[in-house]
Amino acid sequence: MHYAKLTYYDIEQIKSLQPDGWPDISEAYRFYCKNDYCNPIKVTLDGKIIGIGSSIMFDKTAWLGHIIVDIDYRNQGIGSKIVELLQNGIKEKGIETTLLIATELGEPVYKKAGFRKVSDYKYFKKENDWIEKKFSKNILPYNKTFYEALIQFDRYVSGENRERLLKEFIKTSYVYIDDNNNIQGFFIPNLGEGPIYALTPEAGKELMRFKYSSVDKATIPSENYTAIEFIKELGFIETTTKAIRMIFGRDIEWKPTMIYSRAAGNFG
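Residues numbered from 1 in each chain as written. Predicted model: local features only at pLDDT ≥ 70, side-chain atom pairs only at ≥ 80, totals over all residues. Heavy atoms only, no water.

S.K.: For the sheet that holds strand E12 (residues 236-249), give the residues involved together with the corresponding values.
M.R.: Spatially, the eight strands line up as an open sheet ordered E1-E2-E3-E4-E5-E12-E6-E11, and their pairing is mixed. With partners counted over all chains shown, the strands left at the sheet margins are strand E1 (2-5) and strand E11 (217-221), one partner each. The average angle at which neighbouring strand axes cross in this sheet is 25°, direction not considered. Both strand E6 (residues 116-126) and E12 contribute to a ladder of nine bridges, which runs antiparallel. Note on E12: the bridge partner recorded for serine 119 is arginine 245. Sitting on the sheet, helix H1 (residues 25-34) is in contact with strand E2 (38-45), strand E3 (48-57) and strand E4 (61-69), with an inclination near 140° to E4. (Pairing = 2+ DSSP bridges. Helix = DSSP H or I, 4+ residues; strand = E, 2+ residues; numbered from the N terminus. Axes fitted to C-alpha atoms, helices over the stretch in contact; angles between N-to-C directions. Contact = heavy atoms within 4.5 Å.)

Written as structure tokens, this is what we have:
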């Protein structure tokens, strides 16, 4: 087996690794190959790619994402080796915290590598269609004067400095402004699944109403009871899908009760 950097030229080959129910992994790996803060790697055997994975490195934190092993080559330690190599690259950057979101299948691999559970995510799908014609007047489209406030807002809620990621998508965002002109929440449609972060339940709910008028799936941290109850009011039901947030190294101060929709499985 050979472990090496994954490049654009490999993306066509990885389509055979696409897991059922996952968003297109080719799109994710194009993102990883394009951005220098990501480190996508591949495992090949006799010229065939049988495993892949990537890290996404920010300031003091990193994420692992899209670690996949061909079904015919599982239980041979390949997944563990991918995690080890990615972790080595993260440590070389002096980063002390690595996070990931694990499926039930992947959880034992990450536990073995020293990751510990932090939280669960709940998944929902729309059961009843509805049409919302009016949205809060407090929801406004992005303008450049919001940039620094949104970067700091994200840092406060996520516990991470993710400016390198956000700056690529932030221009598509919407913000919830209170009557005193303070930003109380934001929604970024084009970043992964479309994160919603909010300081108040009112801002979170109104941004959810806005988003889920046209989106039929939702993923929410289990700690955010307000968001979970409200998504049910919007006609969604909980699915059997399960995912676990895990961490390695230094803890971070994230605020799951302010996350009304996660960003993605590879960024939290």
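S.K.: Tell me about the sheet that holds strand E10 (residues 196-198), residues and numbers included.
M.R.: Read from one edge to the other, the open sheet built from five strands follows the order E7-E8-E9-E10-E13, with strand pairing classed as antiparallel. The sheet is open, and its two edges are formed by strand E7 (139-141) and strand E13 (259-261), each paired on a single side. Between one strand axis and the next, the sheet turns through 25° on average, direction left out of account. In this fold helix H4 (residues 147-158) packs onto strand E8 (174-177), strand E9 (183-187), E10 and E13, with an angle of close to 85° to the strand it touches most, E9.

S.K.: Describe empty space enclosed by the protein, with residues and values.
M.R.: Using the criterion set out here, one finds one cavity of 30 Å³ or more in the structure. Each pocket or cavity is described by its volume, and for the largest cavity that value is around 40 Å³. Val157, Ser158, Glu160, Arg162, Tyr197, Arg245, Trp254, Ile259, Phe267 and Gly268 together form the lining of the largest cavity. A per-class count over the lining of the largest cavity returns five nonpolar, two polar and three charged. (1 Å grid on protein atoms, 1.4 Å probe; cavity = no way out; pocket = protein on both sides within 12 Å on 5 of 7 lines; lining within 4 Å. Points joined across faces, edges and corners; volume = space filled by probe spheres on them. Nonpolar A, V, L, I, M, F, W, Y, C, P; charged D, E, K, R; others polar.)

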